[in-house]
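Residue strings, one per chain:
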Amino acid sequence: MVPRFHELKVAEIERQTPDAVAIAFEVPEDCAKEFAFTPGQYLTLSTDIDGHEARRSYSICSAPGDPHLRVGVKKVADGRFSTFVNEELSVGDTIRVMPPQGRFTALKGERHDYLLFAAGSGITPMLSIARTVLSHEKDSTITLVYGNRSTETIMFLEELNDLKDRYLQRFTLVHLLSRETQDVELLNGRIDAAKVRALAAGGLIEPLQADGVFLCGPGEMIDAVSGVLAEMGVERDRIRFERFTPSGDAPMPRKASKAARAAVEEGVAIEVVLDGVRRSFAMRDADGTVLDAAHKAGIELPYSCAGGMCCTCRCRVVEGASEMAVNFSLEPWEVEAGFTLACQTRPTAKKLVLDFDAA
């Protein structure tokens, strides 16, 4: 079943830093099962801003069993949604929330050694993972490397310190600050390839001993860290990541190919299967996507970031052919199996059938 939005009431808003808050939602009993989550997953929020719908996905920072479902939201420059949440949203307001999604989740089993890298608001899924693992996997260890500009910008500082004090032998917390000098030189600067090598050389992290390495933050950080980890010999299947934005040197969205432009000259027949219902519409814009065409036809398809990063619009091509403008989230095996992202998909044949119900 494709997830749908629910109206949830804001139970609490806690200021974390001057430009970041934690939002707690009340989940009604009748939809508690839908909002059950695995640590590391995210919520898609939707609201109307200046007469237009705005959506954004935010990682869950609470742990299963907490009284409320929480996300952390950091205000970003020119960010309509994050600005609204930080400056206008109030306790008692309701907002549209889609049930949890995402595959950036903790490892299965009873004991693991985790190495986590987070920058800025990338701490939100890490906090959920760390709290859950430390309380339920009695022999597992976690090393968290957390990068920020200064102490003032560290989200969930008190909760992280509480975890450090409670699990002295199993939780190692390494703060890196880029605009505030710390006494230990190694702890100054950003999380990048050179810093990862330096931390490893200094014995603060042991990447090769980690059962799972989790990365969450800007694309530049993820690309740099995952690259150096691979060079150090960490197996690719041990590295998991969650992007907030594409990397600075990531490929720009590809222009529509000749095949895509030729296909839409007279219009492409698009069919989508969603919740067992088949719907049809036409696509005539070669520079647009299936998601764009569906909106123009008044058909609501699941999506969140619309940037190829979150996988909310994942579906399978069951007839026809297509290409993606960009892809930051589907694994190679998924692409080979015929999966695509509706927000990035352009048909390259006269008919395209997409199944959103495909597992």
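None of these values were measured; they are calculated from a predicted model.

Another aspect to go through is the sheet that holds strand 7 (residues 113-119). Across the sheet, five strands lie side by side as 9-8-7-10-11; this open sheet has parallel pairing. With one partner strand each, in any of the chains shown, strand 9 (171-177) and strand 11 (239-243) form the two edges of the open sheet. Pairwise comparison of adjacent strand axes, ignoring direction, gives a mean angle of 10 degrees for this sheet. The sheet contact formed by strand 10 (residues 212-217) and strand 11 spans five bridges and is parallel. Residue pairing for strand 11: Cys216 is matched across the bridge by Glu242. Here helix 5 (residues 219-231) sits on the sheet and contacts strand 7, strand 10 and strand 11; the angle it forms with strand 10, its principal contact strand, is near 160 degrees.

A separate point is the side chain of Ser46. Relative to the helices and strands, Ser46 is located in strand 3 (residues 42-49). By relative accessible area, Ser46 is classed as buried at 1%. If near-sequence neighbours (up to four positions away) are discounted, Ser46 is found in contact with Phe5, Glu53, Ala54, Arg55, Phe81, Ile95 and Arg96.

Within this structure's numbering, the places UniProt gives as "domain: FAD-binding FR-type" (unreviewed entry) are residues 3-107. Across residues 3-107 one finds 8% helix and 47% strand; the C-alpha atoms that close the span lie 24 Å apart.

Pairing between the strands of a sheet is mediated by backbone hydrogen bonds and can be parallel or antiparallel. Taken together, the five strands give an open sheet; going across it, the order is 13-12-18-14-16, and neighbouring strands pair in mixed fashion. Since the sheet does not close on itself, it has two edges, and those belong to strand 13 (277-283) and strand 16 (339-341), each with one partner. Across the sheet, the mean angle from the axis of one strand to that of its neighbour is 35 degrees, orientation sign disregarded. Note that strand 14 (residues 314-319) and strand 18 (residues 351-355) share three bridges and pair antiparallel. The partner of Val317 across the bridge, within strand 18, is Leu354.

Counting 31 residues, the largest nonpolar core has Ile270, Phe281, Val290, Leu301 and Phe356 as its most contacted members. Contributing elements (two or more residues each) for this core: helix 6 (258-264), strand 12 (268-274), strand 13, helix 7 (290-296), strand 16 and strand 18. Those residues in contact with Val290, other than ones at most four positions away along the chain, are Ile270, Phe281, Met283, Leu301, Ala342, Thr345, Pro347, Leu352 and Leu354. Core analysis: the second largest hydrophobic core is formed by 29 residues, Leu134, Ile142, Tyr146 and Phe156 among them.

Thresholds, definitions, all that
Residues numbered from 1 in each chain as written. Predicted model: local features only at pLDDT ≥ 70, side-chain atom pairs only at ≥ 80, totals over all residues. Heavy atoms only, no water. Pairing = 2+ DSSP bridges. Helix = DSSP H or I, 4+ residues; strand = E, 2+ residues; numbered from the N terminus. Axes fitted to C-alpha atoms, helices over the stretch in contact; angles between N-to-C directions. Contact = heavy atoms within 4.5 Å. Buried < 20%, exposed > 50% of the residue type's maximum accessible area, 1.4 Å probe, protein only. UniProt positions renumbered as here; feature names shortened; annotations may be inferred. Core = buried A, V, L, I, M, F, W, Y, C linked by side-chain atoms within 4.5 Å.

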